[in-house]
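# Coordinate analysis (summary)
Here is how the chains run, residue by residue.
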Amino acid sequence: QVQLVESGGGLVQAGGSLRLSCAASGRTFTSYHMAWFRQAPGKEREFVAAITWSGGSTSYADSVKGRFTISRDNAKNTVYLQMNSLKPEDTAVYYCAARYYKLVVTTREIGYDYWGQGTQVTVSS
């Protein structure tokens with residue numbers, strides 16, 4: 001089992017920045033690729049960004065490319081999402097998720113076995 005706890009959400013004005021953190025506990029952190037997803041009110045949960053177990057490769061949704069950066073600190077068992085140039089359409093609950101490292105990284109929600117409880121990000125216009 002892997003336990004994931006997100007933090008860092010909040011209210012920010014458009015154009016501002018936030019950094020989300022996701023702390024992992026339980027099994028070895030480097031046994032998992034990590035990802036961020038988000039779910040806006042009335043919408044399905046969608047992929048935001050992913051990072052391989054080593055941190056050597058990342059991927060992003062087109063909607064956040066160039067504005068968001070995913071990173072991880074394996075010594076701290078933590079994955080981050082730096083969000084810059086935030087837009088009102090980024091408003092959502094953000095979730096981190098873990099996928100076993102022997103599987104290929106995926107943008108599909110169904111591919112992730114462990115999820116955090118989510119943290120709310122609200123961007124005002």
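Details of the structure are given in the entry above.
Residues numbered from 1 in each chain as written. Predicted model: local features only at pLDDT ≥ 70, side-chain atom pairs only at ≥ 80, totals over all residues. Heavy atoms only, no water.

## Quick look at unusual backbone geometry
For Asn-77, which is not glycine, the phi torsion reads 55 degrees and is therefore positive. Mapped onto the elements, Asn-77 comes out in the loop between strand E7 (68-73) and strand E8 (78-83). Phi angles above zero are rare outside glycine, and Ser-85 is one such case at about 50 degrees. If you trace the backbone, Ser-85 turns up in the loop between E8 and strand E9 (92-100). (Helix = DSSP H or I, 4+ residues; strand = E, 2+ residues; numbered from the N terminus.)

## Looking at the nonpolar core
In terms of nonpolar packing, the biggest core is built from 36 residues, with Leu-4, Met-34, Trp-36, Leu-81, Met-83 and Tyr-94 touching the most fellow members. When contributions to this core are tallied by element, the ones reaching two or more residues are strand E1 (2-7), strand E3 (18-26), strand E4 (32-39), strand E5 (46-51), E7, E8, E9 and strand E11 (119-124). Those residues in contact with Met-34 that lie beyond four places of it in its chain are Leu-4, Cys-22, Phe-29, Ala-49, Ala-50, Ile-51, Ile-70, Arg-72, Val-79, Ala-97 and Ala-98. (Core = buried A, V, L, I, M, F, W, Y, C linked by side-chain atoms within 4.5 Å. Buried < 20%, exposed > 50% of the residue type's maximum accessible area, 1.4 Å probe, protein only. Contact = heavy atoms within 4.5 Å.)

## Thoughts on a nonpolar patch on the surface
A cluster of nonpolar side chains, contributed by Trp-53, Tyr-100, Tyr-101 and Leu-103, occupies part of the molecular surface with about 350 Å² of accessible area. Residue placement: Tyr-101 occurs in the loop between E9 and strand E10 (114-115). Owing to a relative accessible area of 30%, Tyr-101 belongs among the partly exposed residues under this scheme. (Patch = residues over 30% accessible without salt bridge, like charges linked within 9 Å, V, L, I, M, F, W, Y side chains within 5 Å. Areas by Shrake-Rupley, 256 points an atom, 1.4 Å probe, with all protein chains shown as cover. Salt bridge = Lys/Arg side-chain N within 4 Å of Asp/Glu carboxyl O.)

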